[in-house]
Amino acid sequence: IAGDGCDGTCQREPVYLTECGRFVSSGIQPMSLDKFLFALSGDTAVRLETHGGDGACPADTFIDVDDSQGNDVAIDDDGGVGACSRIVAPLTAGTYVVRVSSQSDNGTEEYSLDYFTSDCSVCGNGVLEVEECDDGNLVGADGCDASCRRDAVILGDCGVYASPGLPAGVADFYAFTLPDAGR
């Protein structure tokens, strides 16, 4: 019966991603996968990332994204936290199929899939959606500029410089000028 979670061949029905956000799966059985579908009305960047609800990685996952013709457009094994998967890719308008599978013989426990596009990304909210960085503000020269692109922190006099605290997986960048050797 369509819509009951299991298709006519007893495979899980796909989850339709109609808005950005976090989608929780009850887990993946051994030799199985979760399938998600989404459609883009225009060209945009997309981020797909698996993780546990606490941000850690509950199991080794693999993400495969295909276009409507069945062509691979993006794949990832361990690009996220730990053995979890993360894809950030520019995609053109169209319909896409996302398959999340387990790289473990035992399947996976409950996990989350984040789905974000440039259209729903908010710069300055402290949440890394599809931006290069997001440090929770729109101030430049602090490692992440007002457009959520990485920039350098300009160092002045000698001293200790503390990071403003960036999301996991984002690096701080610092810039400084050395005086002439004769000074």
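The coordinates are above.
Residues numbered from 1 in each chain as written. Predicted model: local features only at pLDDT ≥ 70, side-chain atom pairs only at ≥ 80, totals over all residues. Heavy atoms only, no water.

> Can you tell me about the sheet that holds strand 6 (residues 72-76), naming the residues and giving the values?
As summarised here, the arrangement of the 5 strands in space is 1-3-8-5-6, forming an open sheet in which the pairing is mixed. Only two strands of the sheet have a single partner each, and these edge strands are strand 1 (15-16) and strand 6. Here strand 1 pairs with strand 3 (residues 33-40) via 2 bridges, running parallel. By the bridge assignment, Tyr16 is partnered in strand 3 with Leu37. (Pairing = 2+ DSSP bridges. Helix = DSSP H or I, 4+ residues; strand = E, 2+ residues; numbered from the N terminus.)

> Account for the state of the cysteines, with residues named and values stated.
In the structure shown here, the tally under the stated rule is 4 disulfides. Between the sulfur of Cys57 and that of Cys84 lies a disulfide, 2.2 Å long from S to S. Across the S-S bond of Cys57 and Cys84 the torsion is about 95°, and the bridge reads as right-handed. Of this pair, Cys57 sits in the loop between strand 4 (44-51) and strand 5 (61-67) while Cys84 sits in the loop between strand 6 and strand 7 (86-91), placing them 27 residues apart in sequence. A disulfide bridge connects Cys123 with Cys148, and the sulfur atoms are separated by 2.1 Å. Disulfide Cys123 to Cys148: torsion about the S-S bond roughly 95°, handedness right-handed. On the criterion of sequence distance, the pair formed by Cys123 in the loop between strand 9 (111-117) and strand 10 (153-154) and Cys148 in the loop between strand 9 and strand 10 is long-range, its members being 25 residues apart. (Disulfide = S-S within 2.5 Å.)

> Account for the sheet that holds strand 9, naming residues and giving values.
Strand pairing in a sheet relies on backbone hydrogen bonds. The paired strands run either parallel or antiparallel. Spatial strand order, 2-9-4-7: 4 strands in an open sheet with antiparallel pairing. What marks the edges here is a single partner per strand, and that holds for strand 2 (21-25) and strand 7. Strand-to-strand twist in this sheet, taken as the mean axis angle between neighbours without regard to direction, amounts to 15°. Where strand 4 meets strand 7, 6 bridges bridge the pair, whose relative direction is antiparallel. Counterpart to Val46 in the pairing with strand 7 is Ala89. (Axes fitted to C-alpha atoms, helices over the stretch in contact; angles between N-to-C directions.)

> Just give me the short version of the nonpolar core, but keep the residues and values in it.
The biggest cluster of nonpolar side chains holds 19 residues, and the ones touching the most others in it are Phe38, Leu48, Ile63, Val65, Val98, Val100 and Leu113. Going through the elements one at a time, strand 3, strand 4, strand 5, strand 7, strand 8 (94-102) and strand 9 are the ones with two or more residues in this core. Once you skip the residues sitting within four places of it in the chain, Ile63 turns out to touch Leu48, Glu49, Thr50, Ala74, Ile75, Asp76, Ser85, Ile87, Val98, Arg99, Val100 and Leu113. (Core = buried A, V, L, I, M, F, W, Y, C linked by side-chain atoms within 4.5 Å. Buried < 20%, exposed > 50% of the residue type's maximum accessible area, 1.4 Å probe, protein only. Contact = heavy atoms within 4.5 Å.)

> Describe the pairing of strand 4, and please don't skip the residues or the numbers.
Most of strand 4 is tucked away: 7 of the 8 residues are buried. Across 6 bridges, strand 4 lies against strand 9 in antiparallel orientation. The residue bridging Thr50 from the neighbouring strand is Leu113, located in strand 9.

> Run through the side chain of Thr50, naming residues and quoting values.
Checked against the element boundaries, Thr50 lands in strand 4. For Thr50, the side chain forms a polar contact with the side chain of Thr61, separated by 2.6 Å. Beyond its immediate stretch of four places on either side in the chain, Thr50 contacts Thr61, Ile63, Cys84, Ser85, Val100, Tyr111, Ser112 and Leu113. (Polar contact = N/O pair within 3.5 Å; in protein donor to acceptor, adjacent residues only side chain to side chain.)

By themselves, these figures tell us nothing about what the structure is for.
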